[in-house]
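Residues per chain, in single letters:
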Amino acid sequence: MPKAHESRRKERLDRGVKVRSDGVYAVASWREMAFLLGPRLLLIAGLLIMPLLLMPVPYWQKVLTIICIYSMLAIGFDFLAHYVGLVSLGGALYIGVGAYIAAILNTEMGLPLWATIPLATVLGGGVCTVLLWPCLPLRGVYFAIVSLMFPLLAARLIEAFDIFGGTDGIMGLDGFPNRWSEMYVLIICLLLALFALRQLVNEDVGLVFRGVKDNDQSVKASGIDITRYKALGVFIASSLGCLGGACLAHIYMWAGISQFALDFSIIPIAATVVGGGGTLAGPVIGCLILVPISELLRDFGTLRIAVYALILMAFIVFKSEGLMSYGARKYNQFEHWVEI
Amino acid sequence: MDILIYGVINSATLALMALGFTLVYGVSRLPNFAHGALYVLAGYICWLLLNRLGLPYILAIALALGLVAVVGGAMYQLILVRIRGMSISEIIASYAIGLAILEGLRWGGLKGGTFTLPAFLEGSVDIAGVSVDFQRILVVVLGALLVGLLYFFVNHTRLGLALKGMAQDERAALTLGIDSDRMAVASMALGSLSAAIAALILLPLGSIVVEAGYHVLIMAVAVCIVGGLGSWTGAILASFVIGFAQILTTAYLGAHFQVVVAILAIILTLILRPSGLFGKQKELEERV
Amino acid sequence: MFEALGLMVFYENMLALNNVSLACGDNQIVGVFGANSAGKSTLMYTLSGIMEDIAKKELMAGGERITLRGSINYKGRDISHDKPSKRAKAGIILCPERRRIFPESSVLENLKIGGYLAKPAQAAETLEYVFKIFPPLTKIVRRLGGFLSGGEQQMLAIGRALMAQPKLLLLDEPLLGLSPAIQYWLAKSIKEIAEERGVAIIVAEQYARPIMPIIDYGYILENGSAVVEGDKDELMNNPDVKSAYFGA
Amino acid sequence: AEPIVLGCPLSTAFLYGWDAERAINLAVEEINAAGGVKVGKEMRPLKVEVIDTRDLEPGVPVSEALMGVEKLILEKHANFIVGGPVRSEAALAAMALLSKHKMISILTTGALTPKYHAMVGKNPEKFKYLFRISGEAKWMVLGELVPCLEDIGKQFKLDKLFIMVQDVSHARAGGGILKKVMSKKGWKVLADPVVYPTGTTDFSMGLLEAKKNGAQVIIIWMDMPESAILLKQWYDMKVPALPFGTIIAAAEQPGFWKATDGKGEYCLANVVNAGNAPSEATPWTMKFVKAYQKKYGMEPEGYGTSSSYMAVYVLKDAIERAGTINSDKVADALKKTDLMGVYGRIRFDPKTNQIIPSLDPKEGAVGTVFQWQAGKRVVVFPPKIATGKILLPPWMKQGK
Amino acid sequence: MAGEPILSVRDVNKTFGGVKALTEVSFDLMPGDILGVIGPNGSGKTTLVNVITGFVKADTGQVLYKGKNLVGTAPHKIADQGLTRTFQVMRPYYSLPAYKNLIVPLFSPRARRTGGWRGGGRMGSRDTVAVDILEEIGFERESYVPYKTASSLPTGYLKRLELARCLALRPEIIICDEVFSGLSMSEMASMVPLMEKLQMEGITLIMVEHRLRELFRLANRVMVLNFGAKIAEGVPVEVMADKQVKEAYFGSEEVFSYV
Ligand SMILES: Nc1ncnc2c1ncn2[C@@H]1O[C@H](COP(=O)(O)OP(=O)(O)OP(=O)(O)O)[C@@H](O)[C@H]1O
Ligand SMILES: Nc1ncnc2c1ncn2[C@@H]1O[C@H](COP(=O)(O)OP(=O)(O)OP(=O)(O)O)[C@@H](O)[C@H]1O
Ligand SMILES: [Mg+2]
Ligand SMILES: [Mg+2]
């Protein structure tokens, strides 16, 4: 005997605007436009205004810049993992390479900060791509582990051969002229990266990336060279990381082997998981949550990391799909009970 | 000669460290990044039982093993079960658990290098002119024994086979009456048990420090992957590759290249054999 | 002995099974026929409980919402909410669509894993039986499941399901990718299995021709509803069925 | 009155973190109990803000420590930074940041790198706020270790040295220098330093080699806890050589005896600043050791203990002399510090802001070498403050 | 059209660690032909397809496509030259909607160069072209099916999607590995005209099949493999009459008459 509630089920319906905007239908009214653009504008405006709001608490402005750096890594990771199918645990490699290139260009060759950052982004992306090239045929965990090894190796090499300042690192980089430039460079880069990637994955090229992730054999059968696409993906992700690394180096006016540290690999992934993989914006939200939590917990002293880990776990367990996926669904869909 | 002997010992050590991780991953595709934490936890529990409660060593060992197995099982039952199959979330969640355990221990007082366990056997012998202490010989012997046991378990027992099935295709396993959740709990408990066994054999040689957790994790992951997922022969061979790579560099290149060479060995092996020494995953995935 | 009443399955808002009822007696062979996306696989998953599992996982990952309604009775017990492994223990074994072989295990190991629920003696006996109905398997016992050819995998999948000592065997498109000779043998063996081993069998197929002659009762699914049902002769004589499934 | 905030960026989960934390708290308690610090006419209490920088943990980037420092400055409104960052690399990295904020910082533990004060010396204007009150590696090797070894050599007629170091840069570099210097002094250094990666648990191969080559003194330059195992193995193998743990060795801790089950007997170790083990360096030394023991129930542990304690007093002294907490003024006052402290006369090098070391507490800051004897740490060097004599393990004497 | 063969396979051998999957297989394929390949399970049909399309490298032997040897060429380069295939074990992009599955081949260098399916890939939106192809192949345009995620599509549609992927590339040769299995009789009946139409358009086809009736209606030549070796080749009727074939493929008269 079916129980009373058994004759009902929860129905989920896309909101009208959503359906119309997914098709080619015109979206007319302001309300509908606002519905579609609202979240995006909120994110953009929020990030742009945030530094001003945080003016009374300069330390939190600093935290914001760090958030941006982690976000950069995180969207790179998300893109690579969920659109290209390469799970890279080597975020630290990108940060380190970016930081060192910026540091060398700045201290040895005397290039100004405005030149070193873009150069480090592009060159760094290139260097990382070349390094990872032989590993591109690897799949799944195998790629993940090899990419995890690279930053460890880089740090050890610098240490063993005592190059690039050895364990002391490179000191005496130019700092940003002021904290505003520091913050806005990062925020604007982050927003640009975010929306450019969004656009990319929705284009036809983006579909090829997703095809590579889903089923590379079929992509081959369609006459497309998967290695090139994988390399391109790695280049994009690592450039983002290198950009972050270069900025980090200039913010602290120093580059050193600890920029290859494991944290740079793990935290962006955690942020992606918390925020929701495959959404690109999710990782940013994840960083916006995780990094401040970690800062707030500083007062716990040694216990901090343990508490942090517990909070992280709670997020993963209770919203396993990720906040962004959950939020987007709630935003775009109605749910209600219907009789069967 | 000493290179040979200490190479073998080093390799056995690595194999022991990796065993639990390999078991869990090979058998239920669950990357247990809390492996290192469980290792340290086992040592610490044993130390507490021994020094705070004053239990006899054997009893302390038995209790510690049991407790850690329970912790491992509970970890799956309470947390990981909710994200089963989402591998990135699994990595992060288990890493977070490990972090919570390790940093919790650190906060709880596990700091500095004063926590040690007594060796099972004191003294040493000379083998071909090289003196080796009994505990290290024990590492090799117990390591071999444990590997043998686990190999038998995985390949020739009903439970082991069921675990293997579940790892490869959970839905297919379900249709055959294999209860995947229960199996995963079992494999986590077993994996934690082997982590604990490894800890209790190896820790008398060192001291119980939080950092060992991270070290053991990295080594375990490396051995497991280089060997090829789920392959026991591969894991053993990989321990030897990495173990000897380390000892040989120490002997001929200088020890500060040890880690460099080990990592290079890992990367190179994988570039040459993309699914590890004995893995077939790549070929299988690319079979059309 | 087995009865499903008013099964409904919603994938989100799409109705994939609409009020399907189906029964299967001891030793009976029941056929379920239907074109693409008629809902055959959905039905098989629902009967074996895999659907519950899929629904659970989807919910966890924030994907589609799958709603299941209806009841399934087996040997006088309501099993509609049992986990798949519990149903399997009770004897309901599914041989799923698209094979789902364990790719990293050898053929023999695949079969051994299949024998998880069997007693050792039963397992040994069934193993021999499997090799008897699928002679090609004997030559490839050591080969890894993932390297087998499509047809070999299909044989292995059915063999593996048999190893689990089914009392009710659910076969989803068992003929897919088999050569005519093996198809023919399989159809014969299905009959034999039902008769000699006392197993009730529900077969879902598109390709009705080899199966139709051996069934006791059959259903035709269309868009999720059972539109025609009847015993072998009734179905064979139904003109619509004939044209759709026998290319008359 | 408004308290003066001392910001302490420390890796509190590690010895070279909690040693400073405890010592700073002890000093601040004493000073506040005595009424506080006199700034101009006002008596202001001190307040300690500790932040965990985690910089000694593996896998944690230095930027984490730098964030901690910034948090102290920007959010906790620290007036002075005392303590860390602890890791050399982090301390170096923090220099730019600290001078950007014109923040006076006194390094009291960790960071041994000579590069630190070299950098200050090179850029005295920019880094004028940065001081270090604890020892640095170069002096420790040349000023303490080498003389102590020479002393041992003369006393027992030993001249065969074997060096084992940990695979970290300061240890490798230190081992190399030591080899060069001791060879020049006429010692036979038996091989290149043997390097062990952090976390090694087996030292038998190195010990065997030492034994084979007839080593008489083994220098152990390691800061990992596993060096306790080394001592155990040394004892079990009865290697006829005197073990000498230099610089931040596990052997400096009181807990070492237990960790080695007493097998660490005869091990020599360097505790960097006097006062970290009971001795009579200055009148203040035992007062400090006793106060510490009373508060924490054990003898001072890490090498940053006495220096961190003194840093607070030195700062107090400088503030009182400057009559303000303005960074520039206090920096100038600090430069003129001349105080008889726990570990000798405390003065800063006018160019490099580095504490001036000496073998005589009347002249400058002294370090201590002690030996484990029957479960106690007995100070054996420098002779001016020694409370006991160096003993050789029995199996060595028999060898002679 | 007695000209050059468009594809000719010469003495191809392939073993997988002791398993002889192909032994000395040779055949020629004329432009516009439909070649049927049949054989018992595990006889090497799919392996042959893999060798031709570069997914598996032949141990020895040659695969000549328009006179050029393809052995050793990467699969994507072979596909780029117009030699496409379906996968027996379907390999769609499971996370993409059915029609988006076709964007990938439509975006490929070949499709962009040649204009893709009926010249449509370059003009207009790829989405529309994709839906066109799907419609052609039996997805009702007005229904929701082309827009459903591939993972939720049933076997039959996935088989067709495989074929659609090949069409999108505007290939010269399509090798179909069991596209008919998984379709019901009536659906198969609707596919046959499509194949004929492709032939008319000048596309050469190799069809690996177990559904003989339909195959024989289409194919003008049939080749039989057994244990990796070719045992017969010729027009369907001849091959069916061959004794060896009967023995190896059908086993008994009973089965034969059943077919
Ligand atoms: N996970 C899912 N999400 C949404 N719709 C689904 C899902 N799985 C199946 N469907 C839909 O349910 C309907 C029935 O599918 P089902 O797989 O049962 O068909 P089938 O009869 O087995 O077809 P075939 O014979 O081709 O395998 C189809 O329209 C299919 O698209
Ligand atoms: N990569 C591989 N490694 C090992 N053996 C393989 C591999 N690929 C194929 N085989 C073996 O080669 C033989 C031929 O396989 P193939 O897939 O070509 O058969 P098929 O003729 O397509 O059969 P079916 O009709 O069942 O699809 C099979 O016995 C299979 O097990
Ligand atoms: Mg189906
Ligand atoms: Mg095939």
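Look a little higher up for the structure.
Parameters at a glance
- Residues numbered from 1 in each chain as written.
- Chains lettered and ligands numbered in written order.
- Predicted model: local features only at pLDDT ≥ 70, side-chain atom pairs only at ≥ 80, totals over all residues.
- Heavy atoms only, no water.
- Helix = DSSP H or I, 4+ residues; strand = E, 2+ residues; numbered from the N terminus.
- Buried < 20%, exposed > 50% of the residue type's maximum accessible area, 1.4 Å probe, protein only.
- Areas by Shrake-Rupley, 256 points an atom, 1.4 Å probe, with all protein chains shown as cover.
- Lys, Arg positive; Asp, Glu negative; His and termini not counted.
- Charge placed at Lys NZ, Arg CZ, Asp CG, Glu CD.
- Donors = N, O, S within 2.8 Å, 3.2 Å for Na, K, Ca; no water.
- Near = heavy atom within 4 Å.
- Polar contact = N/O pair within 3.5 Å; in protein donor to acceptor, adjacent residues only side chain to side chain.
- Pairing = 2+ DSSP bridges.
- Contact = heavy atoms within 4.5 Å.
- Axes fitted to C-alpha atoms, helices over the stretch in contact; angles between N-to-C directions.
- Parallel < 35°, antiparallel > 145°, perpendicular 65-115°, else oblique.
- Left-handed = near helix turned anticlockwise from the far one by under 90°.
- Expected span 1.5 Å × (residues − 1).
- Buried area = accessible area lost by both parts, 1.4 Å probe.
- Salt bridge = Lys/Arg side-chain N within 4 Å of Asp/Glu carboxyl O.
- Core = buried A, V, L, I, M, F, W, Y, C linked by side-chain atoms within 4.5 Å.
- Patch = residues over 30% accessible without salt bridge, like charges linked within 9 Å, V, L, I, M, F, W, Y side chains within 5 Å.
- Phe/Tyr/Trp six-rings, centres within 6.5 Å; stacked < 30°, edge-to-face > 60°.
- Lys NZ or Arg CZ within 6 Å of the ring centre and 35° of its normal.

> Could you clarify how one ought to interpret the overall build of chain C in this entry?
Within chain C, the secondary structure is distributed over 10 helices and 10 strands. Overall size of chain C, expressed as C-alpha extent along the three principal axes, is 45 × 45 × 35 Å. Looking at chain C residue by residue over its 248 residues, the buried ones come to 62%. Accessible area for chain C stands at about 8,500 Å²; split by element, carbon and sulfur atoms hold 52% of it. For chain C, the centre of its 28 positive side-chain charges and the centre of its 28 negative side-chain charges are spaced 7 Å apart.

> Please explain the coordination of the magnesium ion (ligand 4) as it appears in this structure.
Each donor-metal-donor angle would ideally measure 109.5 degrees in four-coordinate tetrahedral geometry, or 90 or 180 degrees in six-coordinate octahedral geometry. Residue and element names in this part refer to chain E. Bound to the magnesium ion (ligand 4) are the protein donor atoms Thr 46 (OG1) and Gln 88 (OE1), situated 1.8 to 2.2 Å from the metal. On the criterion of sequence distance, the pair formed by Thr 46 in helix 1 (residues 45-53) and Gln 88 in the loop between strand 6 (83-85) and helix 3 (98-101) is long-range, its members being 42 residues apart. Using a relative accessible area of 11% as the deciding quantity, one classes Thr 46 as buried.

> Looking at this structure, I do not really get the site of ligand 2. What am I missing?
Near ligand 2 lie 20 residues; those nearest to it are Arg 143, Ser 149 and Gly 151 of chain C together with Thr 46 and Thr 47 of chain E. Nearby residues around ligand 2 are contributed by chains B, C and E. Taking Glu 152 of chain C, its side chain carries an N or O atom lying 3.0 Å from an oxygen atom of ligand 2. In the model, an oxygen atom of ligand 2 is placed 2.5 Å from a nitrogen or oxygen of the Thr 46 of chain E side chain. Taken by itself ligand 2 offers 630 Å² of open surface, and the protein chains cover 94% of this. The set of elements that each furnish at least two residues to the shell around ligand 2 consists of helix 7 (150-163) of chain C together with helix 1 of chain E.

> Please clarify how the sheet that holds strand 2 (residues 14-24) of chain C should be interpreted in this entry.
Strand pairing in a sheet relies on backbone hydrogen bonds, with the paired strands running either antiparallel or parallel. Residues and elements named next belong to chain C. Spatially, four strands are ordered 2-1-4-5 in an open sheet, and the strand pairing comes out antiparallel. The outermost strands of the open sheet, each flanked by one partner alone, are strand 2 and strand 5 (77-78). One ladder, built from eight bridges, connects strand 1 (residues 2-11) with strand 4 (residues 66-74); its direction is antiparallel. Along strand 4, the bridge assignment pairs Val 9 with Leu 68. Against the sheet, helix 1 (residues 40-48) touches strand 1, strand 2 and strand 4, its axis set at about 120° to strand 1. Contacts between helix 2 (residues 50-61) and the sheet are confined to strand 1 and strand 4, with strand 4 contributing the most and set at about 155° to the helix.

> Before we go on, may I ask you to explain the packing of helix 9 (residues 210-227) of chain B against helix 11 (residues 258-272) of chain B in this structure?
Axes are the key here: two packed helices are described by the angle between their axes and the distance separating the axes. Residues and elements named next belong to chain B. One way to put it is that helix 9 packs onto helix 11 with a least axis distance of 10 Å and a crossing angle of 25°. It follows from the interaxial angle that helix 9 and helix 11 lie roughly parallel. For the pair helix 9 and helix 11, the sense of crossing is left-handed. Taking contact as the criterion, the partners of Ala 222, Ile 225 and Val 226 in helix 9 are, on helix 11, Ile 266, Thr 269 and Leu 270.

> Quick question: what am I supposed to make of the side chain of Asp 169 of chain B here?
If you trace the backbone, Asp 169 of chain B turns up in the loop between helix 6 (158-168) and helix 7 (170-175). Within the local environment of Asp 169 of chain B, its side chain forms a polar contact with the side chain of Arg 100 of chain C, the two groups lying 3.0 Å apart. Asp 169 of chain B has contacts with Arg 100, Ile 101 and Phe 102 of chain C, leaving out every residue within four places of it along the chain.

> What am I meant to see in helix 7 (residues 155-168) of chain E here?
Each α-helix winds once per 3.6 residues, and so residues spaced three or four apart point in a common direction. Under the 1.5 Å per step criterion, the end-to-end length of helix 7 of chain E is 20 Å for 14 residues, consistent within 8% with the ideal 20 Å. Burial analysis of helix 7 of chain E places 14 of its 14 residues in the buried class, the great majority of the element.

> What am I meant to see in the interface of chain A and chain B here?
One frequent convention defines the size of an interface as the accessible area lost when the parts assemble. Contacts between chain A and chain B engage 39 residues on the former and 42 residues on the latter. Of the roughly 3,800 Å² buried at the junction of chain A and chain B (both faces included), carbon and sulfur atoms supply 83%. For the chain A face of the interface with chain B, the top three residues by lost area are Arg 139, Tyr 142 and Met 149 of chain A, together amounting to 18%. Taken together, the connections running from chain A to chain B amount to zero salt bridges.

> It is not clear to me how the nonpolar core should be interpreted in this structure. Could you clarify?
Grouped burial of nonpolar side chains is what soluble globular proteins tend to show. If you look at the biggest cluster of nonpolar residues, it comprises 368 residues, and the most contacted ones within it are Ile 201 of chain C together with Met 195 and Met 207 of chain E. Element by element, the count of residues in this core is highest for helix 3 (residues 58-84) of chain A, at 19 residues. Excluding residues within four positions of it along the chain, Ile 201 of chain C makes contact with Cys 24, Gln 28, Ile 29, Val 30, Leu 168, Leu 169, Leu 171, Ile 190, Ile 193 and Ala 194 of chain C. In this structure, Leu 26, Val 39, Ala 210 and Trp 372 of chain D belong to the second largest nonpolar core, which totals 94 residues.

> Explain the interface of chain A and chain E here, please?
Between chain A and chain E, the contact holds 18 residues from the first and 23 residues from the second. Taken over both partners, the interface formed by chain A and chain E buries close to 1,900 Å², and the fraction arising from carbon and sulfur atoms is 62%. On inspection of chain A and its partner chain E, the count reaches one salt bridge. Between Asp 204 of chain A and Arg 126 of chain E there is a salt bridge, and its shortest N-O distance comes to 2.5 Å. On the surface where chain A and chain E come into contact, there are nine residue pairs in polar contact (both at pLDDT 80 or more).

> Can you walk me through unusual backbone geometry in this structure?
With the exception of glycine, most residues fall at negative phi, and the peptide bonds are largely trans. Positive phi, close to 55°, is recorded for Glu 178 of chain E, a residue that is not glycine. Tracing the backbone through its elements, the reader meets Glu 178 of chain E in the loop between strand 7 (173-177) and helix 8 (185-200).

> Where do I start with the site of ligand 1 in this structure?
Surrounding ligand 1, one finds 20 residues, the nearest of these being Lys 40, Ser 41, Thr 42, Glu 97 and Gln 206 of chain C. Surrounding ligand 1 is a set of residues that belongs to chains C and E. A distance of 2.9 Å separates an oxygen atom of ligand 1 from a polar backbone atom of Gly 39 of chain C. For ligand 1, an oxygen atom lies 2.6 Å from a polar atom in the side chain of Thr 42 of chain C.

> Looking at this structure, how should I read the side chain of Glu 182 of chain A?
Residue and element names in this part refer to chain A. Structurally, the position occupied by Glu 182 is in helix 7 (residues 179-202). According to the relative accessible area criterion, Glu 182 is buried, its value standing at 4%. Reaching out from Glu 182, the side chain makes a polar contact with the side chain of Lys 62 at a distance of 3.2 Å. With near-sequence residues (within four places) excluded, Glu 182 lies in contact with Lys 62, Thr 65, Phe 176 and Ile 251.

> In this structure, what is going on with the arrangement of the chains? I would like to understand it.
By contact count, the leading pair among the eight pairs of chains in contact is chains A and B. In this view chain C stays clear of chain D, with the nearest C-alpha atoms of the two still 31 Å from each other. There is a clear gap between chain D and chain E: no contact, and 36 Å between their nearest C-alpha atoms.

> Please clarify how helix 9 of chain B should be interpreted in this entry.
Across its 18 residues, helix 9 of chain B extends 27 Å between first and last C-alpha, which sits within 8% of the 26 Å expected from 1.5 Å per residue. Counting buried residues in helix 9 of chain B gives 15 out of 18 residues, a clear majority hidden from the surface.

> How should a nonpolar patch on the surface be read in this particular structure?
All names here are of chain A. A surface patch of nonpolar side chains, amounting to about 640 Å² of accessible area, comprises Leu 48, Ile 49, Leu 52, Leu 53, Met 55, Ile 188 and Leu 192. Of all the elements in the fold, those that place two or more residues in the nonpolar patch are helix 2 (30-53) and helix 7. With four residues, helix 2 is the largest single contributor of residues to the nonpolar patch. Tracing the backbone shows Leu 53 in helix 2. Among the residues examined, Leu 53 registers a relative accessible area of 60% and is labelled exposed.

> Help me out: how do you make sense of a negative patch on the surface in this one?
A contiguous patch of negative charge on the surface is contributed by Asp 216, Glu 229, Asp 231, Asp 233 and Glu 234 of chain C. Those elements that place two or more of their residues in the negative patch are strand 10 (225-231) and helix 9 (232-237) of chain C.

> Just to check I follow, could you spell out the sheet that holds strand 5 (residues 80-83) of chain D for this structure?
Residue and element names in this part refer to chain D. In spatial order, the strands read 4-1-5-6-7; together these five strands make up an open sheet with parallel pairing. Only two strands of the sheet have a single partner each, and these edge strands are strand 4 (46-52) and strand 7 (130-132). Neighbour-to-neighbour, the strand axes of this sheet turn through a mean angle of 20°, independent of strand direction. Pairing of strand 1 (residues 4-10) with strand 5 involves two bridges; the strand directions are parallel. Residue Gly 7 lies in a different strand from strand 5, and its bridge partner there is Ile 81.

> So what exactly am I meant to see when it comes to the packing of aromatic side chains here?
A ring pair, where both rings are aromatic, is described by two values, the distance of the centres and the angle of the planes. The final tally for this structure, using the stated rule, is 25 aromatic pairs over all chains. Taken together, a centroid distance of 4.9 Å and an interplanar angle of 50° make the contact between Tyr 292 of chain D and Tyr 296 of chain D tilted. With Tyr 292 of chain D and Tyr 296 of chain D both in helix 10 (residues 283-296), this residue pair falls four residues apart, about one helical turn. Look at Tyr 309 of chain D and Tyr 313 of chain D: their rings are 5.3 Å apart centre to centre, the planes differ by 50°, and that puts the pair in the tilted class. Here the residue Tyr 309 of chain D and the residue Tyr 313 of chain D both occupy positions in helix 11 (residues 304-322), the gap between them amounting to four residues, near one helical turn. For the pair Tyr 309 of chain D and Tyr 313 of chain D, one class covers both residues: buried. A connected cluster of aromatic rings, assembled from ring pairs, spans Trp 284, Phe 288, Tyr 292, Tyr 296, Tyr 309 and Tyr 313 of chain D. The residue whose ring lies beneath Arg 171 of chain B is Tyr 45 of chain C, and the NZ or CZ to ring-centre distance is 5.7 Å. Seen from the ring of Phe 370 of chain D, Arg 377 of chain D lies directly overhead, with NZ or CZ sitting 5.5 Å from the centre.

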